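Structural features, examined
What follows is each chain in one-letter form.
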Number of protein chains: 4
Amino acid sequence: MKTIYLITTGGTIEKVYSEYTGAVANVTSKIDRYLKLLRLPDTDLNVVQVMNKDSLEMTTDDRVLLLGMVRAILKENAPIVITHGTDTMVESGLYLERALRDLKVPIVLTGAMTPLGFEGSDGLQNLTESLFAVRVLPPGIYIVIHGQHFPIDHVQKNKQLSRFVWTEGPTA
Amino acid sequence: MKTIYLITTGGTIEKVYSEYTGAVANVTSKIDRYLKLLRLPDTDLNVVQVMNKDSLEMTTDDRVLLLGMVRAILKENAPIVITHGTDTMVESGLYLERALRDLKVPIVLTGAMTPLGFEGSDGLQNLTESLFAVRVLPPGIYIVIHGQHFPIDHVQKNKQLSRFVWTEGPTA
Amino acid sequence: MKTIYLITTGGTIEKVYSEYTGAVANVTSKIDRYLKLLRLPDTDLNVVQVMNKDSLEMTTDDRVLLLGMVRAILKENAPIVITHGTDTMVESGLYLERALRDLKVPIVLTGAMTPLGFEGSDGLQNLTESLFAVRVLPPGIYIVIHGQHFPIDHVQKNKQLSRFVWTEGPTA
Amino acid sequence: MKTIYLITTGGTIEKVYSEYTGAVANVTSKIDRYLKLLRLPDTDLNVVQVMNKDSLEMTTDDRVLLLGMVRAILKENAPIVITHGTDTMVESGLYLERALRDLKVPIVLTGAMTPLGFEGSDGLQNLTESLFAVRVLPPGIYIVIHGQHFPIDHVQKNKQLSRFVWTEGPTA
């Protein structure tokens, strides 16, 4: 059995539609319902929710909290998937990279352009890819999404295209 | 073959999620994609889009337009389903009732609390019920939703409960 | 609240795919998982499983059992939906009709051409229509499927077309 | 853009339910409909159907045909995903391994325990993982399924568990 940690922070991937307000927002964690759709017989998957926020509202304190959780898990030498809003995913990834030295496992950030369970959602695809990626990628910090994996210092979001793209160097 | 008209006006049932804004709104008609999921071998279904609006933004002019379309279709003696936002569905239904005399077919208003294609949506259920209801209900104007049918002058939306409920008399 | 009984007997609507045999069969009841997808706030729905069989394997004893359950429920004057394999649905319906006199509620038989939860399934549509139909149809025995309702003595299955069609008189 | 070839051979992943026979079988290719659910903006995906068979019915001639197609594609140095029935997936993989020398790209075989589009299907998960795997695995022949990747000479199907498991050496 391979132990993998999944840290959830919110973001579009976990947003829900409110019938009362007619808006989508990070209200309750829902990733467990979708993870149940995946077959991972050889995986010991541990889900840890550290917050449930739109990533545009993430503060330095939130990133300190995320880093603390990552550090705690790294003591087990287990790879980590972090679900995160796409708008500041690169920023959080670079924050982690600056703080962490000599990684022995991969850390993958992922998320979605459309919430899990909404028509056309890319959420389950990105989760599937990320859970696979942390079993095969070398140590380092990556964004995995839409069939691609990017080292965290060579990636940025293209909002118009609803995807991530390669860059020459760090973008946050 | 039974001829049925489906008039679409927008409302939550047809809202889509925008990856750019992160909001749900009435942008493009999407009901056709969902009607294709239903088997209606004995039905000649004609879909007519008259507008695509949140029902809170519907004006008197919009209701005049809707009434004009209904009048035109009634000349064919075909029953009509109208998809509509739930917030002013009763208001539009009562407006039609005041304008139309001696109906020979049922007119059913329906909609959804959560957009078609979003997890937990009631949209396809309500469409299914409404398309069945116009084949069996007596002439009159109704709201059909969540397994229930209400004469238009005995119904109101309960926003807290996300459903419609019976009333003693007209509520708009 | 409207009390409705749903009697399940098996049939294609409840068939499941076996990964071991690669075949579909009536093994475990699964209708509850799909009923949860419907919003029926004003319905007190009671599900009763009497058997779980391919309707081609139904015996006279099975129909006696079904009739007994129907008789018991009719004492409550509650309408009844019966899910049933399509191949002998007409036969069971006519059997019930011959045995039951002076019905005061509608009894609706329904089923599916493709099992619930398989791509392109008509199962949830037919369930939705049937649960609505028993609230509006006059007393009698019907098949409700694909947007249509047929009195039990004017209907037969057309296997080539995967649907039911009108007939002049009883067909079993 | 990354060029990837997807060779389809049939198997459970592509089986469809027949309303006429009540059985599931390899009749028409359906993988395109499911690939459309994936976002692969950086992938130039080429789908090639070489046959559509239950893998228990695959003959030596069929494997010769598959090998020929693989050889042709390898001239482009593009990685290959092969969808295949699970029962003889290992056999076909070992057949390819014996015939091919000095691979410069990964070849991934995958499939499903339950057909694409049936409730609980693992098909889309396995496709997603395989399309990701061929972008990151070193040259070689693998089975990728349920979050795992197996070198072809260390894997066998466990039919009782509906999964693949590691072995000491080749099993076919």
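Residues numbered from 1 in each chain as written. Chains lettered and ligands numbered in written order. Predicted model: local features only at pLDDT ≥ 70, side-chain atom pairs only at ≥ 80, totals over all residues. Heavy atoms only, no water.

This part takes up the relation of the copies chain A and chain D. Superposing chain A onto chain D requires a rotation of 180° together with a translation of 0.0 Å along the rotation axis, leaving an RMSD of 0.0 Å. Here the copies are linked by what is in effect a two-fold axis. Closest approach to the rotation axis within chain A is made by the C-alpha atom of E129 of chain A, at a distance of 2.9 Å. Same-surface contact between copies: 100% of interface residues of chain A are shared with the interface of chain D. (Least-squares fit on C-alpha atoms with pLDDT ≥ 70 in both. Contact = heavy atoms within 4.5 Å.)

With that settled, the discussion passes to the interface of chain A and chain D. Contacts between chain A and chain D engage 25 residues on the former and 25 residues on the latter. Carbon and sulfur atoms make up 61% of the area that chain A and chain D hide from each other, which totals about 2200 Å². The interface formed by chain A and chain D includes zero salt bridges. If you look at where chain A meets chain D, you find six residue pairs in polar contact (both at pLDDT 80 or more). Listed by contribution, the elements that provide at least two residues to the side of chain A that touches chain D are α4 (123–136) and β8 (148–151) of chain A. At seven residues, the largest contribution of residues to the side of chain A that touches chain D is made by α4 of chain A. Here the side of chain A that touches chain D is built from residues that sort into 10 nonpolar, nine polar and six charged. (Buried area = accessible area lost by both parts, 1.4 Å probe. Salt bridge = Lys/Arg side-chain N within 4 Å of Asp/Glu carboxyl O. Polar contact = N/O pair within 3.5 Å; in protein donor to acceptor, adjacent residues only side chain to side chain. Helix = DSSP H or I, 4+ residues; strand = E, 2+ residues; numbered from the N terminus. Nonpolar A, V, L, I, M, F, W, Y, C, P; charged D, E, K, R; others polar.)

Our next topic: the confidence of the model for chain A. Scored by pLDDT, chain A has a mean of 97; 100% of the residues are at 70 or more. Both confidence scores are given for the complex: pTM 0.97, ipTM 0.97. (pLDDT = per-residue confidence, 0-100.)

Its place among the elements puts G10 of chain B in strand β1 (residues 2–10). Discounting residues that sit within four places of it in the chain, G10 of chain B has contacts with N26, M51, N52, K53, T83, H84 and G85 of chain B.

Residue and element names in this part refer to chain C. The strand order across the open sheet formed by six strands is β4-β1-β5-β6-β7-β8, and the pairing between neighbours is mixed. Two strands lie at the open edges of the sheet, namely β4 (43–53) and β8 (148–151), each paired on one side alone. Strand-to-strand twist in this sheet, taken as the mean axis angle between neighbours without regard to direction, amounts to 25°. Both strand β1 (residues 2–10) and strand β5 (residues 80–83) contribute to a ladder of four bridges, which runs parallel. Bridge pairing in β5 places T8 opposite T83. Those strands touched by helix α2 (residues 60–74) are β1, β4, β5 and β6 (106–110), and its axis lies near 165° from that of β4. (Pairing = 2+ DSSP bridges. Axes fitted to C-alpha atoms, helices over the stretch in contact; angles between N-to-C directions.)

So, on to unusual backbone geometry. All names here are of chain A. The residue N77 is not glycine, and still its phi comes out positive at about 55°. Along the chain, N77 falls in the loop between α2 (60–74) and β5 (80–83). In this structure N77 comes out as partly exposed when scored by relative accessible area, which is 46%. Positive phi, close to 55°, is recorded for H146, a residue that is not glycine. (Buried < 20%, exposed > 50% of the residue type's maximum accessible area, 1.4 Å probe, protein only.)

Relative to the helices and strands, S92 of chain B resides in helix α3 (residues 89–99). Leaving out residues up to four positions away in the same chain, S92 of chain B has contacts with M58, R63, H84 and L109 of chain B.

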